[in-house]
Amino acid sequence: MTFNILSILPILVLAGFGMLVLVVDVMSARKLGEKNLLAYLSLAGIVIAAIVSRNSTATTLFSFNETFTIDNYALFFNILFLLSTGLVILISHSYIKREDINHGEYYALLMFSTIGMMLMASGADLLNIFIGLEVMSISIYILTGFKRSKLISNEASLKYFLLGAFATGFLLYGISLVYGTTGTIDLRQIASFVAGKGGVKDPLLLMGMGLIIVGLGFKVASVPFHAWVPDVYEGAPTAVTAFMSVGPKAAAFAAFMRIFLTAFGSSHYEWQKAIWILAVLTMTVGNVVAISQTNIKRMLAYSSIAHAGYLLVALVAANNMGVSGTLFYLLAYIFMNIGAFAIVIVLSQKGDVGMNIDDYAGLGFKHPMLAIAMTLFMFSMAGIPPMAGFVGKFYIFSAAIKSGYVGLAIIGVINSVISVYYYLRITVIMYMKEPVRDFHPLTISPLIVVAIAIAVVGTLHLGIFPSKVMEIAQRSILTLR
Amino acid sequence: MITITHYLVLSAILFMLGVVGVLIRRNAIVIFMCIELMLNAVNISFVAFAYHLHSMQGQMFVFFTMTVAAAEAAVGLAIIVAVFRNKETVNIDDMNIMKW
């Protein structure tokens, strides 16, 4: 069957709920006041979409004239995106109220952005992946500038928009060259063309491949294309920063792996060298520059660059272990990163005051539970067992060794050691320094507590019992090539 | 005789003009126009390839690119207006609140 509307049911559900939120917001603007209803409505949309995607067919299915595919890989990523968006809605609910940006469009844009991510993960041709990327990015450009009256948010939004659109131009040119040389935009047909020629020899096709790496490398925040990351992460509302540090990165990696393993899988020798350089630069620059940061959002921005570097290592390895390790790592990254941002939100005050790392001094004595949770997330990101981050890094680096990239694995481990310094510095400041500010009575909403609890449980569970999720990840990647 | 090479060279030249414009101009709106130039340069190459390969996919892609460019223009101009309201300038050299 070439046309099956049910195959995009999760996307339709999210789109429907997104528009419903917009309508409800307008219809009951004065009555609602608090707008709690909108948050619950969007959470309901996320849950229903997750149930619907879970119930989709277990076999690979192509629809819309073979441009859209539902396989286990797409399902895994759908659940991953929905999980991250759900957690972000939980942590933003009190935040957007505090910052006076409590507009219904916020939730709608989060959901529309998630639709773009799902399109990227299930696109079977370059057009679908491109459209998904744009739907995702355009929503996030708006979310970044959501604090309309704050100059810092405007500036971040402008920077992200200009650089993002610039990178889109490169991606598009790359797609055009690939289309011109292979005669198709369908990933599987490109794959058979490349396999038929015995690898990529045509310089135009090589250039197209390079330009696609540039375009997607921008979205995953890999190093020569990372200049926007710290500024945008710092300027955006904190909840949006949490959102864009996980979802879009996961979506860009989903597209990255689908394009390069499905379409160019038979000629990995050509692109692996380029990605090798990107991975080393990304890990090193991210970790080294993170050391000197004093603002926690900027530090987490550089840390997110470094994590993109680890994931690129898995892409270089390009074996089953590396790819399923990427899926695992992205899931672990959602828990630990959104958890860390949730605590940053709890501890900051109106107008995003209290974002300096020194503001965390003495937290361990004043709010021991929050400090323990933060320590857990930092340990997990640094890759200390028994947290999820350790298992993820273990899979990725052993995949690199298995594929013969021992040097790359060593560079990765060294970088991981460097990262311990700045992650542990936060723990040290929390527990071993006298408080410099008196923590105001924190107003902690129940929803954000739920989010932190889910993140803690997820981080520990993936770290202690990784085998179940790893099995699912391994089953998910079978359809990739 | 105009061959596909001519179209591709034209497209490459326009694309490079757009890239250079983004890199050297300082007005946000002019930079944005240069980005649009890049996207439309790509459209030329898509149409040329589609004609050369006798395939419709390239022409279809152009429609989607134009749609995306329109959506980007709407959002981008809104962002530039928001910046101008707070700062009264759209010169990107003045966008320097955040520095590492």
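Computed from a prediction, not measured in an experiment: that's the story for all the values here.

Student: Explain the overall build of chain B to me, and be specific about the residues and the numbers.
Tutor: Helices and strands together make up the secondary structure of chain B, namely three helices and zero strands. When the helices and strands of chain B are placed in sequence order, the string is α-α-α. Taking 100 residues into account, the globule formula puts the C-alpha radius of gyration at 13 Å, and chain B, at 17 Å, lies well above it. The dimensions of chain B, computed from C-alpha atoms along their principal axes, are 50 × 25 × 25 Å. Of the contacts made within chain B by residues no fewer than 6 positions apart, 52% connect residues no fewer than 24 positions apart. Accessible surface computed for chain B: about 5,600 Å², of which carbon and sulfur atoms make up 70%. Positive and negative charge centroids in chain B, built from 5 and 5 side chains respectively, lie 5 Å apart.

Student: Quick rundown of the side chain of Ser176(A)? Include the residues and the values.
Tutor: Among the secondary structure elements, Ser176(A) is positioned in helix H7 (residues 151–182). Among the polar contacts made by the side chain of Ser176(A), one reaches the side chain of Ser45(B) at a distance of 2.6 Å.

Student: So, the packing of helix H2 (residues 28–53) of chain B against helix H3 (residues 57–87) of chain B: which residues are in play, and what are the values?
Tutor: Residue and element names in this part refer to chain B. The interhelical angle for the contact between H2 and H3, taken along N-to-C directions, is 175°, at an axis separation of 9 Å. With respect to each other, H2 and H3 are oriented roughly antiparallel. Note on element contacts: H3 touches H2 through Gly 58, Gln 59, Phe 61, Val 62, Thr 65, Met 66, Ala 69, Glu 72, Ala 73, Leu 77 and Ile 80, opposite Ala 28, Ile 29, Phe 32, Glu 36, Leu 39, Asn 43, Phe 46, Val 47 and Ala 50. The residue inventory of the contact of H2 with H3, partitioned by class, reads 14 nonpolar, four polar and two charged.

Student: Can you lay out the pattern of salt bridges for me, pointing to particular residues and giving the numbers?
Tutor: Residue and element names in this part refer to chain A. As enumerated under the stated definition, the model contains eleven salt bridges over all chains in all. Measuring nitrogen to oxygen at the nearest pair gives 3.6 Å for the salt bridge that ties Lys 147 to Glu 99. Of this pair, Lys 147 sits in the loop between helix H6 (126–144) and H7 while Glu 99 sits in the loop between helix H4 (72–98) and helix H5 (104–122), placing them 48 residues apart in sequence. Take Lys 147 and Glu 99: they sit in the same class, and that class is buried. Here Glu 234 and Arg 298 are joined by a salt bridge, their closest N and O atoms 2.4 Å apart. Here Glu 234, found in helix H10 (residues 228–235), pairs with Arg 298, found in helix H13 (residues 296–317); they are 64 residues apart in sequence, far enough to count as distant. Taking relative accessible area as the criterion, Glu 234 reaches 17% and is therefore assigned buried.

Student: So, the environment of Ser139(A): which residues are in play, and what are the values?
Tutor: Residue and element names in this part refer to chain A. For Ser 139, the location among the structural elements is in helix H6. Overall, Ser 139 belongs to the buried group, its relative accessible area being 7%. With 33 residues separating them in the primary sequence, Ser 139 and Tyr 106 have C-alpha atoms 9.6 Å apart. Here Val 135 takes part through its backbone oxygen, which lies 2.8 Å from a polar atom of the side chain of Ser 139.

Student: Tell me what's going on with the interface of chain A and chain B, and back it up with residues and numbers.
Tutor: If you look at the interface, chain A gives 42 residues, while chain B gives 44 residues. For the pair chain A and chain B, the two sides together bury roughly 3,800 Å², of which 79% comes from carbon and sulfur. Seen at the junction of chain A and chain B, the total is one salt bridge. The partner of Lys87(B) in a salt bridge is Glu155(A), and the shortest N-O contact between them spans 4.0 Å.

Student: Hey, could you go over H2(B) for me, with residue numbers and the actual values?
Tutor: A rise of 1.5 Å per residue sets the reference length of H2(B), with its 26 residues, at 38 Å; its end C-alpha atoms lie 38 Å apart and thus fit the reference within 8%. Of the residues one or two after H2(B), His54(B) is the one with positive phi, at around 55°.

Student: Provide a residue-level description of the packing of aromatic side chains, including the pertinent values.
Tutor: In this description, a pair of aromatic rings is defined by centroid distance and the angle of the planes. Scanning all chains against the criterion turns up 27 aromatic pairs over all chains. Through pairs of rings, three or more aromatic residues link up here, namely Tyr141(A), Tyr160(A), Phe161(A), Phe218(A), Trp228(A), Tyr233(A) and Phe32(B). The lysine or arginine in question, Arg188(A), covers the ring of Phe62(A), its NZ or CZ lying 3.9 Å from the ring centre.

Student: Explain unusual backbone geometry residue by residue, including any values.
Tutor: In this structure, Pro386(A) follows Pro385(A) across a cis peptide bond, with omega equal to 5°. Along the chain, the position of Pro386(A) falls in the loop between helix H16 (368–382) and helix H17 (388–402). Phi at Ala318(A) is positive, roughly 55°, even though this residue is not glycine. The class of Ala318(A) is buried, set by a relative accessible area of 11%. At Glu88(B), a position not held by glycine, the phi torsion is positive, near 60°. For Glu88(B), the location among the structural elements is in the segment after H3.

Student: Describe empty space enclosed by the protein, listing the residues and the values that go with them.
Tutor: Vacant regions in the atomic arrangement are exposed by a probe of water-molecule size rolled over the atoms. Residues and elements named next belong to chain A. Scanning all chains against the criterion turns up three cavities of 30 Å³ or more. Space inside the largest cavity adds up to approximately 50 Å³. Among the secondary structure elements, those contributing two or more residues to the lining of the largest cavity are helix H9 (203–220), H10 and helix H11 (238–263). By residue number, the principal contributor to the lining of the largest cavity is H11, which donates three residues. Class assignment of the residues belonging to the lining of the largest cavity gives a composition of seven nonpolar, no polar and two charged.

Student: How would you summarise the nonpolar core if you had to cite specific residues and measurements?
Tutor: All names here are of chain A. The biggest cluster of nonpolar side chains holds 223 residues, and the ones touching the most others in it are Phe 77, Phe 264 and Trp 271. By residue number, the principal contributor to this core is helix H14 (residues 320–347), which donates 21 residues. Beyond its immediate sequence surroundings of up to four residues, Phe 77 is in contact with Ala 121, Ala 250, Ala 254, Met 257, Leu 327 and Leu 330.

Student: So what about the packing of helix H12 (residues 268–291) of chain A against H13(A)? Which residues, and what values?
Tutor: Residue and element names in this part refer to chain A. One can describe the packing of H12 onto H13 by two numbers: an axis separation of 7 Å at closest approach and a directional angle of 155°. Considering the angle they form, H12 stands roughly antiparallel to H13. Here the hand of the crossing between H12 and H13 comes out left-handed. Considered class by class, the residues forming the contact of H12 with H13 number 19 nonpolar, six polar and no charged.

Student: Please provide a residue-by-residue account of the environment of Phe17(A), values included.
Tutor: All names here are of chain A. Its location among the elements puts Phe 17 in helix H1 (residues 9–27). Under the relative-accessibility criterion, Phe 17 is labelled buried at 17%. Linking Phe 17 and Leu 43, residues 26 residues apart in sequence, is a C-alpha distance of 9.5 Å.

Student: I'd love a proper account of a nonpolar patch on the surface, names of residues and values included.
Tutor: On the surface, Phe3(A), Ile5(A), Leu6(A) and Leu12(A) cluster together into a nonpolar patch covering about 400 Å² of accessible area. Mapped onto the fold, Leu12(A) is located in helix H1.

Basis of the calculations
Residues numbered from 1 in each chain as written. Chains lettered and ligands numbered in written order. Predicted model: local features only at pLDDT ≥ 70, side-chain atom pairs only at ≥ 80, totals over all residues. Heavy atoms only, no water. Helix = DSSP H or I, 4+ residues; strand = E, 2+ residues; numbered from the N terminus. Rg over C-alpha atoms; globule rule 2.2 N^0.38 Å. Contact = heavy atoms within 4.5 Å. Areas by Shrake-Rupley, 256 points an atom, 1.4 Å probe, with all protein chains shown as cover. Lys, Arg positive; Asp, Glu negative; His and termini not counted. Charge placed at Lys NZ, Arg CZ, Asp CG, Glu CD. Polar contact = N/O pair within 3.5 Å; in protein donor to acceptor, adjacent residues only side chain to side chain. Axes fitted to C-alpha atoms, helices over the stretch in contact; angles between N-to-C directions. Parallel < 35°, antiparallel > 145°, perpendicular 65-115°, else oblique. Nonpolar A, V, L, I, M, F, W, Y, C, P; charged D, E, K, R; others polar. Salt bridge = Lys/Arg side-chain N within 4 Å of Asp/Glu carboxyl O. Buried < 20%, exposed > 50% of the residue type's maximum accessible area, 1.4 Å probe, protein only. Buried area = accessible area lost by both parts, 1.4 Å probe. Expected span 1.5 Å × (residues − 1). Phe/Tyr/Trp six-rings, centres within 6.5 Å; stacked < 30°, edge-to-face > 60°. Lys NZ or Arg CZ within 6 Å of the ring centre and 35° of its normal. 1 Å grid on protein atoms, 1.4 Å probe; cavity = no way out; pocket = protein on both sides within 12 Å on 5 of 7 lines; lining within 4 Å. Points joined across faces, edges and corners; volume = space filled by probe spheres on them. Core = buried A, V, L, I, M, F, W, Y, C linked by side-chain atoms within 4.5 Å. Left-handed = near helix turned anticlockwise from the far one by under 90°. Patch = residues over 30% accessible without salt bridge, like charges linked within 9 Å, V, L, I, M, F, W, Y side chains within 5 Å.

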